[in-house]
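# Fold and geometry: a report
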Amino acid sequence: MALRLNCKYLEGFVSENEVKELAPEIAAAHGFLYENREQAVGNGYHGWLTLPEDYDKTEFGRIKAAARKVISDSQALVVIGIGGSYLGARAAIEFVKSKNYNLTAKDTPKIFFLGNSLSPTEITEIADYCRGCDFSVNVISKSGTTTEPAVAFRVFRKLLEEKYGKAEAAKRIYVTTDKAKGTLKALADREGYEEFVVPDNVGGRYSVLTAVGLLPIACAGVDIDALMAGAADAMRQYAVPSLEENDCYKYAAIRNILYRKGKSIELAVCYEPDYTMMNEWFKQLFGESEGKDGKGLFPASVIYSTDLHSLGQYVQEGRRLMFETVVDFRTPKRDLIIEEDPDNADGLNFLTGRGMAFINKRAFEGTALAHTDGGVPNIVIEADAMDEYDLGRLIYFFEKACAISGYVLGVNPFNQPGVESYKKNMFALIGKPGYEELADELKKRLG
Ligand code: PA5
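This write-up is about the structure you can find in this document.

Here is what the cut-offs are and how they apply
- Residues numbered from 1 in each chain as written.
- Predicted model: local features only at pLDDT ≥ 70, side-chain atom pairs only at ≥ 80, totals over all residues.
- Heavy atoms only, no water.
- Salt bridge = Lys/Arg side-chain N within 4 Å of Asp/Glu carboxyl O.
- Helix = DSSP H or I, 4+ residues; strand = E, 2+ residues; numbered from the N terminus.
- Near = heavy atom within 4 Å.
- Polar contact = N/O pair within 3.5 Å; in protein donor to acceptor, adjacent residues only side chain to side chain.
- Areas by Shrake-Rupley, 256 points an atom, 1.4 Å probe, with all protein chains shown as cover.
- Nonpolar A, V, L, I, M, F, W, Y, C, P; charged D, E, K, R; others polar.
- Pairing = 2+ DSSP bridges.
- Axes fitted to C-alpha atoms, helices over the stretch in contact; angles between N-to-C directions.
- Contact = heavy atoms within 4.5 Å.
- Patch = residues over 30% accessible without salt bridge, like charges linked within 9 Å, V, L, I, M, F, W, Y side chains within 5 Å.
- Buried < 20%, exposed > 50% of the residue type's maximum accessible area, 1.4 Å probe, protein only.

### Some points on the pattern of salt bridges
- Inspection of the entire model under this criterion finds 33 salt bridges.
- The closest approach of N and O atoms between Asp384 and Arg330, which form a salt bridge, is 3.2 Å. You can see Asp384 sitting in strand E10 (residues 378-385) and its partner Arg330 sitting in strand E9 (residues 322-331), a full 54 residues away along the chain.
- Here the salt bridges share partners, and the residues they tie into one network are Arg157, Glu161, Lys166, Arg190 and Glu191.

Spelled out as structure tokens, the structure:
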């Protein structure tokens with residue numbers, strides 16, 4: 001079954017006519033991805049568009065073989081990367097397996113994600129754990145020069161070499177980086193680490209279906225064939241140029257209409273905690289793609305009903321800044337039937353025989369109605385199950401919606417110039433050679 005866009009909770013906020021009026025802009029955006037690609041900003045970063053079919057099959061086989069080796073010789077895998085080199089893999093593992101994957105994994109290694117912060121506490125905690133078990137490392141960096149993963153890799157490479165010796169350590173290090181350039185590539189070549197490639201034409205936040213995401217995902221025992229199959233079906237389905245027949249384009253149109261009507265926040269919503277990291281992935285995808293030139297929706301996220309008891313108050317009655325995009329799954333991974341309690345001290349016997357999935361669904365419906373009554377439009381994307389196939393579909397759906405939406409907004413959805421500003425200041429303040437002048441200026445400002 002396909003994903004479905006449910007517009008029932010948009011009544012009074014966005015009309016069918018308004019969506020139709022956006023057809024020429026959507027058609028132009030579609031053209032930037034297909035026939036008029038040469039004129040598009042960000043041309044050169046469209047590789048994700050055909051990736052579900054057009055990927056390196058030999059490397060895909062090597063990914064599976066590497067995953068089998070990691071599963072057989074490691075109790076832990078340390079995945080080192082940040083941003084697009086981190087979020088997709090973690091999101092996919094938690095989506096398909098569990099938010100508590102490290103507690104529930106039986107036949108696959110625990111997976112720790114590091115190099116996505118500069119917290120010494122986090123690194124030393126996992127380093128201490130790894131000293132006591134067999135482990136491997138997958139370091140991921142497209143540029144090969146990002147500080148956060150580079151620092152973490154230095155620590156874990158040393159740990160591996162101390163534990164296993166240089167030669168055996170080299171067999172436990174998997175490097176995912178550029179095919180030709182960067183410090184990490186040079187190091188991998190020199191040390192003979194197994195290498196996987198981040199394709200030139202796929203940007204970090206669009207790279208989950210390359211080795212960047214696929215190797216850690218496969219190490220968690222997730223079926224990457226089914227993942228790619230879901231993405232490939234979505235690729236075919238959402239290639240249709242007609243706005244009326246393309247839910248992905250409709251979603252892109254609706255969020256632009258709401259933006260033009262004054263909404264400034266898109267709140268990504270799900271009622272499944274295992275979706276938490278997918279929300280994080282979504283926030284990076286849309287935030288880095290659209291937030292530039294003084295434009296763009298601010299992507300935020302919640303998990304309900306958890307956050308109905310925190311941010312829910314604001315959503316219901318605070319400033320009318322936002323709309324919600326809900327991903328609703330028809331079937332949960334598991335259900336739990338409420339049993340009769342002879343005491344009925346909690347008064348819940350009226351739920352006897354009901355599944356918790358039933359209650360969760362009613363919570364969603366009740367919340368959607370309450371929030372729309374409160375002036376918060378709800379876009380609903382319906383999916384069937386939290387499995388590999390639907391995950392592939394969702395990933396592709398959001399990637400394409402983001403690209404189309406960014407072009408409609410009038411920005412380059414594939415660059416992230418703003419990310420450099422903090423890096424320059426950080427380099428100056430930590431004393432990186434070449435940043436001395438900036439360092440003097442910043443130190444004066446800091447006092
Ligand atoms: O989407 C992006 O391009 C960024 O978020 C990058 O993924 C992130 O900055 C990490 O970069 P790199 O993979 O070069 O270490």
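Next comes the rest of the account.
### Notes on the site of the ligand
- As a matter of local geometry, the ligand sits amid 13 residues, with Ser85, Ser141, Ser143, Thr146 and Gln284 nearest to it.
- Ser85 places a polar side-chain atom, nitrogen or oxygen, 2.6 Å from an oxygen atom of the ligand.
- The contact in question runs from an oxygen atom of the ligand to an N or O atom on the side chain of Ser143, over 2.7 Å.
- Compared with its free state, where it exposes 380 Å², the ligand has 89% of that area covered by protein.
- Its residues assigned to classes, the shell around the ligand comprises 1 nonpolar, 9 polar and 3 charged.

### Things to note about the sheet that holds strand E2 (residues 76-80)
- Spatially, the 5 strands line up as an open sheet ordered E3-E2-E4-E5-E6, and their pairing is parallel. Of all strands in the sheet, those bounded by a partner on one side alone are strand E3 (110-114) and strand E6 (194-197). Put simply, the sheet's adjacent strands are angled 20° from each other on average, direction ignored.
- The sheet strands contacting helix H6 (residues 120-131) are E2, E3 and strand E4 (135-141), and the helix crosses E3 at an angle near 150°.
- Sitting on the sheet, helix H9 (residues 183-191) touches E4, strand E5 (173-177) and E6, and the angle it makes with E5 is about 145°.

### Observations concerning a nonpolar patch on the surface
- On the surface, Leu118, Val151 and Val155 cluster together into a nonpolar patch covering about 230 Å² of accessible area.
- Position of Val151 among the secondary structure elements: in helix H7 (residues 147-164).

### Regarding unusual backbone geometry
- The peptide bond linking Tyr304 to Ser305 adopts the cis configuration, its omega dihedral lying at 10°.
- If you trace the backbone, Ser305 turns up in the loop between strand E8 (298-303) and helix H14 (312-317).
- Unusually for a residue other than glycine, Asn344 sits at a positive phi of about 50°.
- Here Asn344 lies in the loop between E9 and helix H15 (356-373).
- In this structure Asn344 comes out as partly exposed when scored by relative accessible area, which is 29%.

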